[in-house]
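Inside the fold
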Amino acid sequence: MTSATESVDQEQETDLALIGRWKSGNHRAATQLVGRHADALSRFAAAAGEREEIEELVQDTFVRAFSAIDSFRGESSFRTWLLTIERRLMLDRQRARKRERNTVEIGEGDAVSGFGALDSIIAQETQDRVRSALEALSPMQREVFTLRVQQGLSYREIAAVLESTEGAARVHYHNAAQTIKEMLRDD
Amino acid sequence: MTENIHAGFRDLIPDLVNGTLERSRLAEVESHLSACASCREEASAVRKVAESAIFAPRMDTSGIASAIPPYGIGSVVPLRVNSSRRRFVGWATLAAAAAIAFIALLRVDDGSPSVRSTANSVAVSSGSNPTIGTVARVAPQPESVGAEGVAASEPASQRPGYPVRAVRAIALAAGSNELSSSDLRQLMSDIETLDARPSADPDRVGELGTGEEGR
């Protein structure tokens, strides 16, 4: 039997091995790493409300990550590290948009917002209630909930991505789950 | 105490929904859910969100990987330029081109003191008080310009009067909000008299704007 922790360790080991091969000049290893994590980054960006040029954002994330690969110590998973970088880029984008339009609010600790984008993200009409429930969350709650439920991250990993504490991530998750439960309650 | 028990199980609901819950905890969590309506309801809600169709564009793996620089290149970030940045670059290029064209217009003259006087006037003033207003005060005094800025290293112009007027025009332009209507008319007239003949002596062009003359 393989526990979740062991499987995470194995995946991390494999990521580290691929990183090592890329550092040795094997560019195909980088392609493998991109193939392994790009869709997860895309989903996180979409769920967080990014609506413009998600592929550019994901590419930017990988380029920055590989350019600074020596600062990755393997203390978290490679994906967690990538998500951290991507989140920072999303915040940068949002600040840039705010400067451009001077109307977009950055709320609750500069968490990623702009969730109106979900109008085009969650496509099926039958899922309107899910969309409404997610929209009811604060930006920070939404990020935590997305990372926990859709990315399957632990609270420790979420804290790393959000550059916050494990306890804060746990509180945000439980508050989000409570709201979601109430919003999706069957009458 | 009871709340802590619930919180402990609720923590594990996402792992249960995603199928990543450790088997050693699986039976325990399922048993709790079967007995606890509140936690069961939360698990149902979490499952609905987890299974909701979130649209996210598929990534072009090879395209993204091709943008990754080889190891050791450093923080090269060959990002795609988005449309707004492209627009900015376009405007910046136009502005730079306009500035270069303006400078080139000044330098086109065959190295006459009109150009060097202007540059030297700026250099002279920058040594003590680097403001444009200082230039405007210095420039209308042809003798001092000639003495400090030009005569020390260059012969006087072959066309007396023209360099001084050109200097005055350009210098006054820096403080144009203080000009009267007649001054403005004079300024426009002076500008029209600027001679833009191509230089026959390229070496002299290099003397413009080194900023060292007045120090």
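Residues numbered from 1 in each chain as written. Chains lettered and ligands numbered in written order. Predicted model: local features only at pLDDT ≥ 70, side-chain atom pairs only at ≥ 80, totals over all residues. Heavy atoms only, no water.

1. A few points about the overall build of chain B
Looking only at helices and strands, chain B has 11 helices and 0 strands in total. The secondary structure elements of chain B, listed N-terminal to C-terminal, are α-α-α-α-α-α-α-α-α-α-α. Out of the 215 residues belonging to chain B, those deemed buried represent 32%. Summarising the internal contacts of chain B: among those between residues at least 6 apart in sequence, 65% fall at separations of at least 24. Accessible area of chain B: about 12700 Å², with a carbon and sulfur share of 58%. (Helix = DSSP H or I, 4+ residues; strand = E, 2+ residues; numbered from the N terminus. Buried < 20%, exposed > 50% of the residue type's maximum accessible area, 1.4 Å probe, protein only. Contact = heavy atoms within 4.5 Å. Areas by Shrake-Rupley, 256 points an atom, 1.4 Å probe, with all protein chains shown as cover.)

2. As for the overall build of chain A
Looking only at helices and strands, chain A features 9 helices and 0 strands. Ordered by position in the sequence, the α and β elements of chain A form the string α-α-α-α-α-α-α-α-α. The 187 residues of chain A split such that 52% are buried. Sequence separation of 24 or more characterises 62% of the internal contacts of chain A that already satisfy a separation of 6 or more. In the structure as shown, chain A presents an accessible area of about 8400 Å², 43% of it carried by carbon and sulfur atoms.

3. Notes on the packing of aromatic side chains
Any pair of aromatic rings gets described here by the distance separating the centres and the angle formed by the planes. Residue and element names in this part refer to chain A. Enumeration according to the criterion identifies 9 aromatic pairs over all chains in this entry. With 6.0 Å between their ring centres and 35° between their planes, Phe78 and Trp81 make a pair best called tilted. Of this pair, Phe78 and Trp81 both sit in helix α4 (residues 78-101), 3 residues apart, which is roughly one turn of the helix. Like Phe78, the residue Trp81 is buried in the burial classification. When the ring of Tyr155 is compared with that of Tyr173, the centres are 6.0 Å apart and the planes differ by 65°; the resulting orientation is edge-to-face. With Tyr155 in helix α8 (residues 155-162) and Tyr173 in helix α9 (residues 166-183), this residue pair connects regions lying 18 residues apart in the sequence. For the pair formed by Tyr155 and Tyr173, the shared burial category is buried. (Phe/Tyr/Trp six-rings, centres within 6.5 Å; stacked < 30°, edge-to-face > 60°.)

4. Points about the environment of Gln59 of chain A
Following the sequence through the fold, Gln59 of chain A ends up in helix α3 (residues 54-67). Gln59 of chain A sits 21 residues away from Ala38 of chain A along the chain, and the two C-alpha atoms are 8.4 Å apart.

5. Overview of unusual backbone geometry
Glycine aside, the phi torsion of most residues is negative, and most peptide linkages are trans. Even without a glycine there, the phi angle at Glu163 of chain A is positive, about 55°. Topologically, Glu163 of chain A is positioned in the loop between α8 and α9.

6. Let's talk about the pattern of salt bridges
Applying the stated criterion to the full structure yields 17 salt bridges over all chains. The closest approach of N and O atoms between Arg58 of chain B and Asp39 of chain A, which form a salt bridge, is 3.3 Å. You can see Arg58 of chain B sitting in the loop between α3 (37-51) and α4 (61-66) and its partner Asp39 of chain A sitting in helix α2 (residues 27-47), one on each of two chains. Judged by its relative accessible area of 71%, Arg58 of chain B falls in the exposed class. Take Asp39 of chain A: its relative accessible area is 27%, and that puts it in the partly exposed class. Among the ionic pairs, Arg25 of chain B bridges to Glu28 of chain B, the shortest N-O distance being 2.9 Å. One end of the pair is Arg25 of chain B and the other is Glu28 of chain B, both in helix α2 (residues 23-35) and 3 residues apart, which spans about a single turn. (Salt bridge = Lys/Arg side-chain N within 4 Å of Asp/Glu carboxyl O.)

7. Re α8 of chain A
For α8 of chain A, the buried fraction is high: 6 of the 8 residues fall into the buried class. Of the residues making up α8 of chain A, those classed as buried are Tyr155, Glu157, Ile158, Ala159, Val161 and Leu162 of chain A.

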